[in-house]
Amino acid sequence: MANKIPRVPVREQDPKVRATNFEEVCYGYSIEEAQLEATRCLHCKNPRCVAACPVSVKIPNFIAQVAAGNFAAAASVIAEDSSLPAICGRVCPQETQCEGSCILGVKGEPVAIGKLERFVADWSRENGGVKPEVAPANGYKVAVIGSGPAGLACASDLAKLGYDVTIFEALHRPGGVLEYGIPEFRLPKDKVVAAEIESVKALGVKIETNVIAGRTVTIDSLLDEEGFAAVFVGSGAGLPKFMGIPGENLNGVFSANEFLTRNNLMKAFRDDYMTPIHAGKKVVVVGGGNVAMDAARTALRLGAETTIVYRRTENELPARREEVHHAKEEGIQFAMLTNPIEIIGDEKGWVKAVKCIRMELGEPDESGRRSPVAVPGSEFEIETETVIMSLGTSPNPLIAKTTAGLETTRRGCIVADENGATTRPGVFAGGDAVTGAATVILAMGAGRKAAAAIHEYIRNK
Amino acid sequence: MLTPTICRMKVKAPRLAAAALPGQFLIVRATEKGERIPLTISDYDKEAGTVTIVTQQIGASSSEIISFEAGEAFADVVGPLGIPSDFTEMPEDELRKKRFIFIAGGVGTAPVYPQVKWLHERGVAVDVIVGAKTKDLVIYKEEMEAVCDNLYLCTDDGSAGFKGLVTAMLEKLVNEEGQKYDQAVAIGPMIMMKFATLTAKKLGLPIIVSLNTLMVDGTGMCGACRVTVAGKTRFACVEGPEFNGYDVDFDEAMRRQGMYKAEEVEANEHHNCRIGRGK
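Residues numbered from 1 in each chain as written. Chains lettered and ligands numbered in written order. Predicted model: local features only at pLDDT ≥ 70, side-chain atom pairs only at ≥ 80, totals over all residues. Heavy atoms only, no water.

Quick look at the overall build of chain B now. Summing up its helical and strand segments, chain B has ten helices and 14 strands in all. For 279 residues, the compact-globule estimate of 2.2 N^0.38 gives 19 Å, and the C-alpha radius of gyration of chain B, at 18 Å, lies within 12% of that figure. Projected onto its principal axes, the C-alpha coordinates of chain B cover approximately 60 × 40 × 40 Å. Here chain B holds 279 residues, and the buried ones make up 56% of them. (Helix = DSSP H or I, 4+ residues; strand = E, 2+ residues; numbered from the N terminus. Rg over C-alpha atoms; globule rule 2.2 N^0.38 Å. Buried < 20%, exposed > 50% of the residue type's maximum accessible area, 1.4 Å probe, protein only.)

This part is about the state of the cysteines. Residues and elements named next belong to chain A. All told, the structure shown has zero disulfides over all chains when counted by the stated rule. Looking at the unpaired Cys 26, the closest cysteine sulfur is the one in Cys 92, lying at 14 Å. We classify Cys 26 as buried; its relative accessible area is 10%. (Disulfide = S-S within 2.5 Å.)

It is worth spelling out a nonpolar patch on the surface at this point. Residues Ile191(B), Phe195(B) and Leu198(B) make up a contiguous nonpolar surface patch of roughly 280 Å² in combined accessible area. With a relative accessible area of 40%, Phe195(B) lands in the partly exposed category. (Patch = residues over 30% accessible without salt bridge, like charges linked within 9 Å, V, L, I, M, F, W, Y side chains within 5 Å. Areas by Shrake-Rupley, 256 points an atom, 1.4 Å probe, with all protein chains shown as cover. Salt bridge = Lys/Arg side-chain N within 4 Å of Asp/Glu carboxyl O.)

Attention shifts here to the confidence of the model for chain B. A residue-level look at chain B finds 94% of positions with pLDDT of 70 or above and a mean pLDDT of 90. The low-confidence segment residues 271-279 of chain B, where pLDDT is below 50, has three contacts with residues more than four positions distant or belonging to other chains. (pLDDT = per-residue confidence, 0-100. Contact = heavy atoms within 4.5 Å.)

With that out of the way, let us pick up the interface of chain A and chain B. At the junction of the two partners, chain A supplies 43 residues and chain B supplies 44 residues. A buried area of about 3,800 Å², summed over both sides, lies between chain A and chain B, and 54% of it is on carbon and sulfur atoms. At the surface where chain A touches chain B, the tally comes to three salt bridges. The salt bridge involving Arg15(B) is made with Glu208(A); its shortest N-O contact spans 2.6 Å. Between chain A and chain B we count 23 residue pairs in polar contact (both at pLDDT 80 or more) in total. Every element with two or more residues in the side of chain A that touches chain B is listed here: strand S5 (239-240), strand S6 (253-255) and helix H12 (256-263) of chain A. Counting residues per element, the side of chain A that touches chain B draws most heavily on H12(A), which supplies four residues. (Buried area = accessible area lost by both parts, 1.4 Å probe. Polar contact = N/O pair within 3.5 Å; in protein donor to acceptor, adjacent residues only side chain to side chain.)

Another aspect to go through is the sheet that holds strand S3 (residues 206-208) of chain A. Residues and elements named next belong to chain A. Read from one edge of the open sheet, five strands run S3-S2-S1-S4-S16, paired in parallel fashion. Of all the strands in the sheet, the pair left with one neighbour each is S3 and strand S16 (427-429). Here the strands of the sheet are splayed against their neighbours by 20 degrees on average, with no regard to which way each runs. In this structure, strand S1 (residues 141-145) lies alongside strand S2 (residues 164-168), joined through five bridges in parallel fashion. (Pairing = 2+ DSSP bridges. Axes fitted to C-alpha atoms, helices over the stretch in contact; angles between N-to-C directions.)

Ranked by internal contacts, the top residues of the largest apolar core, which has 70 residues, are Ile59(A), Phe62(A), Ile63(A), Val66(A), Leu116(A) and Ile454(A). Counting residues per element, this core draws most heavily on helix H17 (residues 440-459) of chain A, which supplies nine residues. Ignoring anything within four residues of it in the chain, the contact list for Ile59(A) reads Cys49(A), Val50(A), Cys53(A), Cys98(A) and Ile113(A). With 50 residues, the next largest nonpolar core counts Val54(B), Ile65(B), Ala104(B) and Ala110(B) among its residues. (Core = buried A, V, L, I, M, F, W, Y, C linked by side-chain atoms within 4.5 Å.)

Turning to the pairing of strand S10 (residues 183-187) of chain B, a few remarks are in order. Residue and element names in this part refer to chain B. In terms of burial, S10 is largely enclosed, as five of its five residues are buried. Here strand S6 (residues 99-105) pairs with S10 via five bridges, running parallel. From the neighbouring strand, Phe 100 faces S10, where its bridge partner is Gln 183. Where S10 meets strand S11 (residues 207-210), three bridges bridge the pair, whose relative direction is parallel. By the bridge assignment, Ala 186 is partnered in S11 with Val 209.

Residues and elements named next belong to chain A. Applying the stated criterion across every chain, the model contains 52 salt bridges over all chains. Residue Arg 118 is joined to Glu 24 by a salt bridge in which the shortest nitrogen-to-oxygen separation is 3.0 Å. Here Glu 24 lies in the loop between helix H1 (15-18) and helix H2 (31-38) and Arg 118 lies in helix H7 (residues 113-126), a separation of 94 residues in the sequence. Exposure remark for Glu 24: the relative accessible area of 11% places this residue in the buried category. Here Glu 198 and Lys 201 are joined by a salt bridge, their closest N and O atoms 3.4 Å apart. Taken as a pair, Glu 198 and Lys 201 lie in helix H10 (residues 189-201) at a separation of three residues, close to a single helical turn. Looking at Glu 198, the relative accessible area reads 45%, which means it is partly exposed. Overlapping salt bridges bring together Arg 18, Glu 95, Lys 115, Arg 186, Asp 294, Arg 297, Arg 301, Arg 320, Glu 322, Glu 323, Glu 329 and Glu 330 as one network.

The next subject is the environment of Ile277(A). With respect to the secondary-structure elements, Ile277(A) resides in the loop between H12 and strand S7 (282-286). In this structure the C-alpha to C-alpha distance between Ile277(A) and Ala296(A), which are 19 residues apart in sequence, comes to 14 Å. Beyond its immediate sequence surroundings of up to four residues, Ile277(A) is in contact with Phe259(A), Arg262(A), Asn263(A), Ala268(A), Leu302(A), Tyr260(B) and Glu263(B).

When the parts of a complex come together, some accessible area is lost, and that lost area is often taken as the interface size. Residue and element names in this part refer to chain B. In terms of domains, chain B is made up of domain 1 (6-83 + 262-270) and domain 2 (86-205). A C-alpha centroid distance of 24 Å is found between domain 1 and domain 2. With 14 residues of domain 1 in contact, the opposing surface of domain 2 contributes 13 residues. Looking only at domain 1, the three residues that lose the most surface to domain 2 are Ile 6, Pro 22 and Ser 42, adding up to 39% of its buried area. Where domain 1 meets domain 2, there are two salt bridges. For Asp 43, the salt bridge goes to Lys 117, with nearest N and O atoms at 3.0 Å. When contributions to the side of domain 1 that touches domain 2 are tallied by element, the ones reaching two or more residues are strand S1 (6-12), strand S3 (37-45) and strand S4 (50-56). For the side of domain 1 that touches domain 2, the leading source of residues is S3, giving five residues. Among the residues making up the side of domain 1 that touches domain 2, the classes are represented as six nonpolar, six polar and two charged. (Domains from an automatic or database assignment. Nonpolar A, V, L, I, M, F, W, Y, C, P; charged D, E, K, R; others polar.)

With that out of the way, let us pick up the packing of helix H6 (residues 166-176) of chain B against helix H7 (residues 190-202) of chain B. Residues and elements named next belong to chain B. Running from N to C, H6 and H7 point in directions that differ by 20 degrees, and their axes come no closer than 9 Å. As far as their axial angle goes, H7 and H6 are roughly parallel. Taken as a pair, H6 and H7 cross one another with a handedness that is right-handed. Only Met 192, Phe 195, Ala 196, Thr 199, Ala 200 and Lys 202 of H7 make contact with H6, whose side of the interface consists of Val 166, Thr 167, Leu 170 and Glu 171. Taken together, the residues that form the contact of H6 with H7 break down as six nonpolar, two polar and two charged. (Parallel < 35°, antiparallel > 145°, perpendicular 65-115°, else oblique. Left-handed = near helix turned anticlockwise from the far one by under 90°.)

All right, on to the sheet that holds S3(B) then. Residues and elements named next belong to chain B. In spatial order, the strands read S1-S4-S3-S2-S5; together these five strands make up an open sheet with antiparallel pairing. Every interior strand has two partners, whereas the edge strands, S1 and strand S5 (76-81), have only one. Averaged over all neighbouring strand pairs, the angle between strand axes comes to 35 degrees, with direction disregarded. As paired strands, strand S2 (residues 25-29) and S5 are joined by four bridges and run antiparallel to one another. For Arg 29, the partnering residue across the bridge sits in S5 and is Asp 76. Packed onto the sheet, helix H4 (residues 109-121) meets S3 and S4 and runs at close to 35 degrees relative to S3.

This is the structure:
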């Protein structure tokens with residue numbers, strides 16, 4: 001099983017240049033590069049990559065089509081299982097899923113499955129796209145709350161089965177976290193997100209923006225008054241967490257959600273939009289996840305010297321390796337084993353510095369990670385104008401509060417079984433609303449499972 | 001136009017109108033490249049499917065809103081947002097035992113109206129104090145008179161009604177005229193709500209205030225609207241906008257309201273020069 005070809009590197013924008021713009025970092029493979037990389041796949045009899053994919057894309061099959069130059073056929077293979085391949089190819093944590101289980105990775109580099117998926121999706125979009133089969137209309141209406149990855153995946157599968165699907169989105173543009181959370185330089189909005197949403201609409205899915213479930217409409221009104229046979233709740237993660245330290249409400253302290261929403265959804269980085277954003281010359285981002293990397297890299301592009309403060313070491317950073325690597329290349333400072341204990345303001349109530357304490361790693365906690373412990377007497381200050389808190393989110397209570405019979409966990413997440421069925425018949429849920437903040441692909445997986453369960457539920461009604 | 005800088009408009013939004021209750025707000029985006037602006041709902045007509053909003057020209061975005069002519073459409077309108085006023089949840093016979101005093105300041109008079117109307121329609125005793133800089137800036141006078149028991153006008157220059165602040169009027173009513181109230185509600189500029197709260201506290205009167213904080217999404221996602229209430233951080237968009245006035249840290253709220261002032265000034269200049277170029 002000799003495979004002598006090294007993994008084909010992907011071309012990227014020069015770090016110095018990209019640190020000053022919001023253009024996409026990664027250029028993706030050319031046809032020649034993609035075909036060469038595709039020849040590296042060993043076509044295992046029991047492909048571990050497929051088992052590791054939350055939506056079970058038939059990876060070796062599409063890669064074989066790429067190798068043979070049949071890119072349209074490759075796109076059709078992917079489309080059977082994923083409605084958002086150009087997005088997944090860009091933002092999935094492949095290193096812990098498909099590529100993480102690739103047999104080539106044992107001794108060398110795994111096949112660049114993510115980059116190949118992206119290539120196929122981009123090629124397909126530029127060459128007319130895939131026209132998946134849609135079953136004849138079956139006369140049932142299904143409502144989907146939220147147009148993020150969970151909602152879009154659920155809606156696509158249901159539409160293909162012949163359902164009349166309407167997605168209700170609270171914001172003014174569809175896409176959820178793909179639109180407000182993930183920055184342009186990782187996931188272009190018009191070119192990729194809007195285009196993939198158009199392909200979901202092409203299946204017959206309707207999207208109503210500016211409708212807040214729990215306020216504008218309720219789950220009950222959709223089921224009882226508007227004639228929907230079932231509802232899928234994919235409302236996302238919700239309320240940003242703060243640390244609860246002194247000074248957190250000073251001017252210049254933001255949640256990563258606010259900072260990113262202003263820049264991504266509201267396009268503050270563009271001169272022709274009216275949205276204000278405050279970064280200043282120095283920014284401290286607190287946290288170590290993908291959202292922290294996104295916030296830091298956004299602040300950097302807005303012209304700020306940016307430092308990420310994280311209480312564990314680099315090995316524990318929950319962010320994808322690629323994001324950490326890109327952030328470092330671009331010049332983001334990493335202050336590891338550092339925890340903020342107070343935010344210090346000036347006489348006008350604006351942030352002036354963050355008081356931090358050094359940490360060291362102690363015994364492993366319940367998550368298996370070694371828990372950080374403060375080093376007494378090691379306090380120090382980092383001067384900064386802006387602090388961005390990226391500590392995760394807690395569920396938005398609105399839907400649970402306004403829907404009878406919908407149980408939530410102690411932490412406020414909607415209770416749903418592995419197929420997305422909640423405690424209320426006819427109401428299904430998936431994605432961050434159920435699991436708490438996770439990834440795009442896990443949300444899509446949950447959306448697909450729920451679509452199958454909704455189909456089952458309506459057929460047996 | 002209610003005054004040269006305050007504009008009232010009816011917006012067609014059937015789903016929103018059907019769900020709206022007193023105390024709630026909505027968010028509009030005037031144009032594709034505009035900001036999301038939270039505005040308190042000033043009235044709603046469930047049958048016609050319309051909501052009324054009142055906007056004062058302050059910055060570039062509000063200028064954009066008030067430049068609309070009848071028949072034009074906002075890029076986006078979303079709501080209702082926030083928790084409805086507490087009294088909408090109370091049993092009506094209990095409500096009728098209470099007497100309310102509303103303290104409205106400037107453009108804040110508009111969101112007071114649906115609350116007063118709602119209570120009046122249910123036979124609850126309601127008085128209203130309306131404050132404005134000068135007579136020409138008083139809005140909703142006739143509308144309010146039709147739905148309250150007593151309307152007390154105050155102007156800074158004495159051009160209409162009582163010459164002085166709304167807080168002085170409140171003290172006068174309670175201390176000099178012996179009026180008794182069970183619940184006060186203040187809606188207006190943050191500074192007015194702060195002093196209305198201090199006065200109410202002095203008079204031993206419970207007071208609710210409606211906080212017009214900065215917001216982006218209005219659904220709890222961004223946290224721009226956070227305020228300290230009774231020592232705890234709360235999100236005005238999903239846990240408010242109404243809070244017990246006694247508990248609110250108004251100084252912090254006022255400081256946070258000015259967070260984007262520097263950027264606003266820049267946007268205004270930009271906006272004005274764009275207008276200049278157009279002409």
